[in-house]
Amino acid sequence: MSDIKRMLKDTAILLVITLISGLLLGLVYQITKEPIAIQKEKAKQEACQEVFKDAASFTEIECVQSDATAWEVAGFKAETIDEVMAAQSENNEILGYVITVTTKEGYGGDISFTIGIRNDGTVNGISILSISETAGLGMRAEEVLKPQFEGKNAEKFEYTKSGAAADYQIDAISGATITTNAVTNGVNAGLYYFQTQLKGGSENE
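Residues numbered from 1 in each chain as written. Predicted model: local features only at pLDDT ≥ 70, side-chain atom pairs only at ≥ 80, totals over all residues. Heavy atoms only, no water.

Undergrad: Hey, could you run me through the nonpolar core in this one?
TA: The tendency in soluble globular proteins is for nonpolar side chains to be buried side by side. In terms of nonpolar packing, the biggest core is built from 35 residues, with Ile99, Phe149 and Val187 touching the most fellow members. Among the secondary structure elements, those contributing two or more residues to this core are β2 (80-88), β3 (94-106), β4 (109-118), β5 (122-130), α3 (141-144) and α5 (177-198). Counting residues per element, this core draws most heavily on α5, at 9 residues. Leaving out residues up to four positions away in the same chain, Val187 has contacts with Phe113, Ile115, Ile126, Phe149 and Phe157. Cys48, Val51, Met85 and Leu95 belong to the second-largest nonpolar core, a separate cluster that totals 9 residues. (Core = buried A, V, L, I, M, F, W, Y, C linked by side-chain atoms within 4.5 Å. Buried < 20%, exposed > 50% of the residue type's maximum accessible area, 1.4 Å probe, protein only. Helix = DSSP H or I, 4+ residues; strand = E, 2+ residues; numbered from the N terminus. Contact = heavy atoms within 4.5 Å.)

In structure tokens form, the structure reads like this:
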């Protein structure tokens, strides 16, 4: 009988410990939830500002996921469009859009970045949010690829290993064509989304 009592006592103690731990975790979550959300929003706004420096504010708009087949027929890879923000002037005039794209074609996994696109289709630039490519190769995307998209106006980009001879061409990272291809396809996906869903401001009428 004493063994049964001891077992019941131990079970009750474990139950109390579990309940207290759960309550403490819930309390910590409630305390940290708002600061974490604020930091995430701040990071998002900073990423938007990087690719749209002349915008005064950014407003999230509905993100419409298109049929993958339509992308392929148009000659684009159906990458993931995570988020779309309207870039606005101080007078709330829409200057263009910031599109967040995730491509799964990276050598080391997913690559996520934002693209700033003006109303006339000009790419302001890209801001890489997450990348896990090979050090010294694909990780040079920030250094090598990012500057090449700034101020370019093209319906679609392509990469080359022999030197860019036109605005729509991007010099590949030496030894990292997989990363170059992934980023280029991701930018093209953002452009395709802009051309089919946003161009002309139809999302904001």
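Undergrad: Explanation requested: the confidence of the model for the protein in the structure shown.
TA: Low pLDDT means the predicted atomic positions in that stretch should not be read closely. Confidence in the prediction for the protein averages 84 pLDDT; 91% of positions are at 70 or higher. Strand β6 (residues 152-153) holds the highest mean pLDDT among the elements of the protein, 94, whereas helix α1 (residues 2-51) holds the lowest, 75. (pLDDT = per-residue confidence, 0-100.)

Undergrad: What is the right way to read a nonpolar patch on the surface from this model?
TA: Taken together, the side chains of Val16, Ile20, Leu24, Leu27 and Ile31 present a nonpolar region at the surface, about 470 Å² in accessible area. Structurally, Leu24 can be placed in helix α1. (Patch = residues over 30% accessible without salt bridge, like charges linked within 9 Å, V, L, I, M, F, W, Y side chains within 5 Å. Areas by Shrake-Rupley, 256 points an atom, 1.4 Å probe, with all protein chains shown as cover. Salt bridge = Lys/Arg side-chain N within 4 Å of Asp/Glu carboxyl O.)

Undergrad: What exactly am I supposed to notice about the environment of Ser57 here?
TA: Relative to the helices and strands, Ser57 resides in strand β1 (residues 57-61). Those residues within four positions of Ser57 in sequence are excluded, and the remaining contacts are Ala86, Ala87 and Gln88.

Undergrad: Is there a simple way to explain the sheet that holds β2 in this structure?
TA: Note on sheets: strands pair through backbone hydrogen bonds, and any given pair is parallel or antiparallel. Spatially, 6 strands are ordered β1-β2-β3-β4-β5-β6 in an open sheet, and the strand pairing comes out antiparallel. Two strands bound the open sheet, and with one partner strand each, they are β1 and β6. In terms of strand pairing, β2 meets β3 through 8 bridges, oriented antiparallel. Residue pairing for β3: Val84 is matched across the bridge by Ile99. Packed onto the sheet, α5 meets β1, β2, β3, β4 and β5 and runs at close to 140 degrees relative to β3. (Pairing = 2+ DSSP bridges. Axes fitted to C-alpha atoms, helices over the stretch in contact; angles between N-to-C directions.)

Undergrad: Where do I start with the side chain of Thr114 in this structure?
TA: For Thr114, the location among the structural elements is in strand β4. If sequence neighbours within four positions are ignored, Thr114 has contacts with Ala47, Val51, Val98, Ile99, Thr100, Gly125, Ile126, Ser127 and Leu129.

Undergrad: What is the right way to read the side chain of Thr100 from this model?
TA: Its location among the elements puts Thr100 in strand β3. Residue class for Thr100 comes out buried when judged on its relative accessible area of 10%. Look past the residues within four positions of Thr100 in its chain and what remains in contact with it is Thr80, Ile81, Asp82, Glu83, Phe113, Thr114 and Leu129.

Undergrad: Got a minute to help me understand the pattern of salt bridges in this structure?
TA: Any two side chains of opposite charge can pair if their charged atoms end up close together. If you walk through the whole model with that rule in mind, you get 5 salt bridges. A salt bridge links Glu50 to Lys146, with the shortest nitrogen-to-oxygen separation between them at 2.3 Å. A residue pair is termed long-range when its members are at least 10 positions apart, and Glu50 in helix α1 and Lys146 in helix α4 (residues 146-149) qualify at 96 residues. Glu50 gets classed as partly exposed once you look at its relative accessible area, which sits at 33%. Assessed through its relative accessible area of 12%, Lys146 is described here as buried. Of the charged contacts in the structure, one is a salt bridge between Arg140 and Glu143, with a shortest N-O distance of 3.3 Å. The exposure class assigned to Glu143 is exposed, which follows from its relative accessible area of 54%. What emerges from the salt-bridge pattern is a single network uniting Glu50, Glu142 and Lys146.

Undergrad: What am I meant to see in the packing of aromatic side chains here?
TA: If you walk through the whole model with that rule in mind, you get 4 aromatic pairs. Taking the centre distance of 4.8 Å and the plane angle of 55 degrees together, the rings of Trp71 and Tyr192 count as tilted. A residue pair is termed long-range when its members are at least 10 positions apart, and Trp71 in helix α2 (residues 68-73) and Tyr192 in helix α5 qualify at 121 residues. As far as burial versus exposure is concerned, Trp71 and Tyr192 are alike and both buried. (Phe/Tyr/Trp six-rings, centres within 6.5 Å; stacked < 30°, edge-to-face > 60°.)

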